[in-house]
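Each chain is listed here by its residues.
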Amino acid sequence: MNPLTHLDKAQPAQMSDEPVIVLNLLKFKSAESQDSYLDYAASFFKTFGARGAEALYCGKLMEKVQGDAGDWDIVILVRYTNRKMFYDMLRSEEYQAFSYLREDALENAVLQPSEAVMPYRTESIEFEGGDWLGEIQKRLAS
C-alpha cells in the first residue's frame, strides 16, 4: 500500500508547475480500520496542509449508475501546489513516518494525478457536516 514502491516508474521526468489534483480511491480493510486512516489524515493535514495540500472533496461512494471502476469505499480529491510537491511529499521522511497508518487501514488504493483540460474553480466550496470532519478536527487539536 505504500506508493513509494511505484514512484520511480510513475514519476514523469518533466512536470509542470501548475497545481495538480490527485484522485484517491480507497477501499478499507474493515469499518474499524477507518480509525487508522483518520489518524493518517490528521497527520497528513497537520504536516502538509500548511504547504499547500488541500482536500477539495471527500465522499462515500454510493450506487453505481454506469460502468465499473472497481469496488471503492471513499473518493478524495486533493489539490497540491504542483506535481513535484506531490512526489516529493510521498518520498519525504515526514510522510513516511506516518504512512503506516494509511497502509494499516487500506485493503486497496489508487493515487492518480490529473491534469486540467478545462478551467476549474480555484475557490474552495464549503460543505457543512460530514462524519470525518469532527474526527479529524479532534485529532488535529490533540
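First, a word on scope: everything that follows refers to the structure included in this document. (Residues numbered from 1 in each chain as written. Predicted model: local features only at pLDDT ≥ 70, side-chain atom pairs only at ≥ 80, totals over all residues. Heavy atoms only, no water.)

A few points about the sheet that holds strand β2 (residues 54–60)
Formally: Between any two strands, at least two bridges found by DSSP are needed for them to pair. Elements are defined by DSSP. Helices are runs of H or I of four residues or more, strands are runs of E of two residues or more, and each kind is numbered from the N terminus. Note on geometry: axes are lines fitted to C-alpha atoms, helical ones only across the stretch in contact, with angles between N-to-C directions running from 0 to 180 degrees.
Across the sheet, which stays open at both edges, the four strands sit in the order β2-β3-β1-β4 with antiparallel pairing between neighbours. The sheet terminates laterally at β2 and β4 (106–114), the two strands that pair on one side only. Sheet twist, expressed as the average angle between the axes of neighbouring strands with direction ignored, equals 15°.

Comments concerning the nonpolar core
Defined as follows: Among buried residues, the Ala, Val, Leu, Ile, Met, Phe, Trp, Tyr and Cys ones that are joined through side-chain atoms within 4.5 Å form a nonpolar core. Accessibility here uses a 1.4 Å probe with only protein chains present; expressed as a share of the type maximum, an area under 20% marks a residue as buried, one over 50% as exposed, and anything in between as partly exposed.
F28, Y37, F44, Y80, M89, Y95 and W132 are the most contacted members of the largest nonpolar core, which totals 29 residues. Looking at this core, the elements that each hand over two or more residues are β1 (20–28), α2 (34–48), β3 (74–80), α3 (83–91), α4 (93–105) and α5 (131–141). Among the elements that take part in this core, α2 stands out by supplying seven residues, more than any other.

With respect to the side chain of K27
Rules: Each polar contact in these results corresponds to two N or O atoms within 3.5 Å; when the atoms are within protein, one needs to be able to donate a hydrogen and the other to accept it, and residues that are neighboring in sequence are counted only if both atoms are side-chain atoms. Any two residues whose heavy atoms approach within 4.5 Å at even a single point are treated as in contact.
If you trace the backbone, K27 turns up in strand β1. A distance of 3.1 Å separates the side chain of K27 from the side chain of D71, its partner in a polar contact. When sequence neighbours within four positions are dropped, the list of residues in contact with K27 reads D71, W72, D73, A105, L106, E107 and N108.

With respect to the packing of aromatic side chains
Basically, it comes down to this: What counts as a ring pair is set by centres within 6.5 Å for rings of Phe, Tyr and Trp (its six-membered ring), and what kind of pair is set by the plane angle: stacked under 30 degrees, edge-to-face over 60, tilted for all other angles.
Throughout the structure, instances matching the rule amount to twelve aromatic pairs. A centroid spacing of 4.9 Å and a plane angle of 90° characterise the contact between F44 and F45, whose relative ring orientation is edge-to-face. Ring geometry for F86 versus Y87: centroids 5.2 Å apart, planes at 70°, classification edge-to-face. Summarising the burial analysis for this pair, F86 and Y87 share the class buried.

A few points about α4
Because the α-helix completes a turn every 3.6 residues, residues three or four places apart line up on one side. This is how the line gets drawn: At every residue, the bend is computed as the angle between two fitted axes, covering the seven residues ending there and the seven beginning there respectively.
The sharpest bend along α4 measures roughly 40° and falls at S99. Among the residues of α4, those classed as buried are Y95, F98, S99, L101, R102 and A105. Contact partners of the buried residues in α4: β1, α2, α3 and β4.

Examining the packing of α3 against α4
To be explicit about the condition: Roughly parallel here means an angle under 35 degrees, roughly antiparallel means over 145, roughly perpendicular means 65 to 115, and every remaining angle is called oblique. As a working rule, the residues Ala, Val, Leu, Ile, Met, Phe, Trp, Tyr, Cys and Pro are called nonpolar, Asp, Glu, Lys and Arg charged, and the rest polar, with Gly in that last group.
Contact geometry of α3 with α4 gives a least axis separation of 5 Å together with a crossing angle of 60°. Judged by the inter-axis angle, α3 sits oblique to α4. Only E93, Y95 and Q96 of α4 make contact with α3, whose side of the interface consists of M89, L90 and R91. Among the residues forming the contact of α3 with α4, the class breakdown is three nonpolar, one polar and two charged.

Focus: the environment of D71
Tracing the chain through its elements places D71 in the loop between β2 and β3. Taking the C-alpha atoms as reference points, D71 and L26, separated by 45 residues in sequence, lie 8.9 Å from one another. Ignoring any residue separated from it by four or fewer positions in sequence, one finds D71 in contact with K27 and K64.

Focus on the environment of A42
Inspection of the secondary structure puts A42 in helix α2. Residue A42 is classed as buried on the basis of its relative accessible area of 4%. Each C-alpha atom of the pair A42 and A141 lies 9.4 Å from the other, and the pair is 99 residues apart in sequence. Discounting residues that sit within four places of it in the chain, A42 has contacts with I136, R139 and L140.

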